[in-house]
Amino acid sequence: MLVGLIVACEVAFWVLLGAGLAVRYLLRRRRLGGLLLLAVPLVDLVLLVAGVADLRGGGRAEFTHGLAAAYLGFSVAFGHDMVRWADVRFAHRYAGGPPPDRRKRYGRERARYEWRAWGQGMIGWAVACGLLLAGVVVIGDLDRAAALLAWAGRLTFVMVVWLVFWPVACTVFPTRPPRRAGKDDSLTGRAAR
């Protein structure tokens, strides 16, 4: 049941987001569109209440309870940016807004971007792990809560891998912009062909 609710919440997120942007820009009803966009976090609240109710019923925590906590944590961390990302593109396409930022990031700028994204991921990790620990407390039995603790380990592993292969790698080995055709190759002094 909980997996279906997670899928329904994800669908509801995008439906509310699309409806809010359509009402805001296509129907030119900014206030109503804003209210629809404000309803997007209510989807997460529904999932949270359902997960807590399911755990309080005395059952054993399952994989899906951990998945729900991870979904909620990362939704809190990245949800606002996803709404802003969609808003900028919708405004540009349908309301004459400025074009979205499409620059490619290299060097220090890329490293700063990766550190910021990882920091947001850590917020999602902290919220998810807080929910997982709250679930352990609600259940009150470590044997029945083992799936939640396993999820905390999974999320921690993912965050360590993310740290090593993106922010640290981009800091230690900064990316360089691609060479442009026709420019002198500074290493050999020859023109690129």
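With that settled, the discussion passes to the overall build of the protein chain. The number of helices and strands found in the protein chain is 6 helices and 0 strands. Listed N to C, the secondary structure of the protein chain is α-α-α-α-α-α in terms of helices and strands. In terms of overall size, the protein chain is more extended than a compact globule, its C-alpha atoms giving a radius of gyration of 22 Å where 193 residues would be expected to give roughly 16 Å. The buried share of the protein chain, taken over its 193 residues, is 35%. Sequence-distant contacts, at least 24 apart, represent 70% of the contacts inside the protein chain between residues at least 6 apart. Working note: accessible area of the protein chain is about 12,400 Å², and carbon and sulfur atoms make up 65% of it. The protein chain carries 26 positive and 13 negative side-chain charges, and their two centres are separated by 11 Å.

Along the chain, Gln 120 falls in helix α5 (residues 107-139). Given a relative accessible area of 12%, Gln 120 falls into the buried group. In this structure Gln 120 touches Ala 77, Phe 78 and Asp 81, once residues within four positions along its chain are discounted.

What follows deals with the environment of Arg 110. Topologically, Arg 110 is positioned in helix α5. Taking the C-alpha atoms as reference points, Arg 110 and Leu 35, 75 residues apart in sequence, are found 35 Å from one another. If near-sequence neighbours (up to four positions away) are discounted, Arg 110 is found in contact with Arg 105, Trp 166, Cys 170 and Thr 175.

Here we take up the pattern of salt bridges. Tallied over the full model, the rule gives 8 salt bridges. Between Asp 101 and Arg 105 there is a salt bridge, with the nearest N and O atoms lying 3.7 Å from each other. Take Asp 101: its relative accessible area is 45%, and that puts it in the partly exposed class. With a shortest N-O distance of 2.5 Å, Glu 109 and Arg 103 are connected by a salt bridge. With relative accessibility at 27%, the residue Glu 109 sits in the partly exposed group. For Arg 103, a relative accessible area of 47% translates into the label partly exposed.

This part takes up helix α1 (residues 2-26). The first and last C-alpha atoms of α1 sit 35 Å apart over 25 residues, in line with the 36 Å expected at 1.5 Å per residue. Inspection of α1 places Leu 2, Ile 6, Cys 9, Phe 13, Leu 17, Gly 20, Leu 21, Val 23, Arg 24 and Tyr 25 among the buried residues, and these make up the whole buried set. Those residues of α1 that are buried are in contact with α2 (30-38), α3 (40-56) and α4 (63-95). Among the residues trailing α1, Arg 28 stands out with phi positive, at a value near 60 degrees.

This paragraph deals with the packing of aromatic side chains. Two aromatic rings are characterised by how far apart their centres lie and by the angle between their planes. Within the structure shown, the criterion is met by 8 aromatic pairs. With 6.0 Å between their ring centres and 35 degrees between their planes, Tyr 25 and Phe 90 make a pair best called tilted. Of this pair, Tyr 25 sits in helix α1 while Phe 90 sits in helix α4, placing them 65 residues apart in sequence. Of the two residues examined, Tyr 25 and Phe 90, each falls in the buried class. Taken together, the ring pairs connect Tyr 25, Phe 90 and Tyr 94 into an aromatic cluster.

Time to look at the confidence of the model for the protein chain. With 93% of its residues at a pLDDT of at least 70, the protein chain reaches an overall mean of 91. Note on residues 189-193: pLDDT under 50 across the span, and 8 contacts to partners over four residues away in sequence or across chains.

The rules behind the values
Residues numbered from 1 in each chain as written. Predicted model: local features only at pLDDT ≥ 70, side-chain atom pairs only at ≥ 80, totals over all residues. Heavy atoms only, no water. Helix = DSSP H or I, 4+ residues; strand = E, 2+ residues; numbered from the N terminus. Rg over C-alpha atoms; globule rule 2.2 N^0.38 Å. Buried < 20%, exposed > 50% of the residue type's maximum accessible area, 1.4 Å probe, protein only. Contact = heavy atoms within 4.5 Å. Areas by Shrake-Rupley, 256 points an atom, 1.4 Å probe, with all protein chains shown as cover. Lys, Arg positive; Asp, Glu negative; His and termini not counted. Charge placed at Lys NZ, Arg CZ, Asp CG, Glu CD. Salt bridge = Lys/Arg side-chain N within 4 Å of Asp/Glu carboxyl O. Expected span 1.5 Å × (residues − 1). Phe/Tyr/Trp six-rings, centres within 6.5 Å; stacked < 30°, edge-to-face > 60°. pLDDT = per-residue confidence, 0-100.

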